[in-house]
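Structural overview for review
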Amino acid sequence: MEILKIRYISNEIEELQYIENKSDWIDLRAAEDVVMKAGEFRLIRLGIAVELPKGYEAHVVPRSSTFKNFGVIQTNHMGVIDGSYCGNEDEWKWPAYALRDTEIHVNDRICQFRIVQNQPALRFERVERLEGKNRGGFGTTGTV
């Protein structure tokens, strides 16, 4: 079992929970009240700093209900927090773009994360031809 060292920068949010046999994604909560107008961007404080295990990174994405409940999307669609982002003041934040006027309150669950092992070292080899079967290229699944 891996250990994540969590520093709670906000005492107002509920502590992180890993719910075994339900999902391996961990919900993250807003650590501030936020009022946004349609078209506004905001980095929303999540109230934690994390020291990830060596060789891991965190992937942060919206919860499936975030758009429906709050009318916001994550601007980079997936955030990657690498292992070097581990200082005492390296608070995690969530980049939100409002598509409608909205309010988000402290402790609202707005995004989620999981940790993933870092990609292994790669070597690139230039070739004239690939041996795999053509499938139609990106965006053609189900049409060929």
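Above this note sits the structure.
Given the structure is predicted, the values throughout are model-derived calculations rather than measurements.

Overview of the side chain of Arg29
Position of Arg29 relative to the elements: it lies in strand 2 (residues 26-29). On the basis of relative accessible area, Arg29 is assigned to the buried category, the value being 18%. Within polar-contact distance, the side chain of Arg29 engages the side chain of Glu14 at 3.3 Å. For Arg29, the contacting residues outside a window of four places in its chain are Ile13, Glu14, Arg45, Leu46, Asn107, Asp108 and Arg109.

Focus: the packing of aromatic side chains
Summed over the entire model, instances satisfying the criterion amount to one aromatic pair. Aromatic side chains Trp92 and Phe113 sit 5.0 Å apart centroid to centroid with 85° between the ring planes, which places their arrangement in the edge-to-face category. One end of the pair, Trp92, is in the loop between strand 8 (79-81) and strand 9 (93-98); the other, Phe113, is in strand 11 (residues 109-117), and 21 residues separate them in sequence. Take Trp92: its relative accessible area is 1%, and that puts it in the buried class. A residue is classified by how much of its surface remains accessible, and Phe113, at 2% relative accessible area, is buried.

Quick word on a nonpolar patch on the surface
Taken together, Phe41, Leu43, Phe67, Ile73, Tyr97 and Leu99 make up a surface patch of nonpolar side chains, about 550 Å² in accessible area. Counting through the fold element by element, Leu99 comes out in the loop between strand 9 and strand 10 (102-104).

So, the sheet that holds strand 7 (residues 72-74)
Taken in spatial order, the three strands make up an open sheet running 4-9-7, and their pairing is antiparallel. Looking at strand neighbours, the two that pair on one side only are strand 4 (41-45) and strand 7, the edges of this open sheet. Each adjacent strand pair in this sheet contributes to an overall mean axis angle of 40°, direction not counted. Bridging between strand 7 and strand 9 involves three bridges; their strand directions are antiparallel. What sits directly across from Val72, in strand 9, is Ala98.

Conventions adopted
- Residues numbered from 1 in each chain as written.
- Predicted model: local features only at pLDDT ≥ 70, side-chain atom pairs only at ≥ 80, totals over all residues.
- Heavy atoms only, no water.
- Helix = DSSP H or I, 4+ residues; strand = E, 2+ residues; numbered from the N terminus.
- Buried < 20%, exposed > 50% of the residue type's maximum accessible area, 1.4 Å probe, protein only.
- Polar contact = N/O pair within 3.5 Å; in protein donor to acceptor, adjacent residues only side chain to side chain.
- Contact = heavy atoms within 4.5 Å.
- Phe/Tyr/Trp six-rings, centres within 6.5 Å; stacked < 30°, edge-to-face > 60°.
- Patch = residues over 30% accessible without salt bridge, like charges linked within 9 Å, V, L, I, M, F, W, Y side chains within 5 Å.
- Areas by Shrake-Rupley, 256 points an atom, 1.4 Å probe, with all protein chains shown as cover.
- Salt bridge = Lys/Arg side-chain N within 4 Å of Asp/Glu carboxyl O.
- Pairing = 2+ DSSP bridges.
- Axes fitted to C-alpha atoms, helices over the stretch in contact; angles between N-to-C directions.

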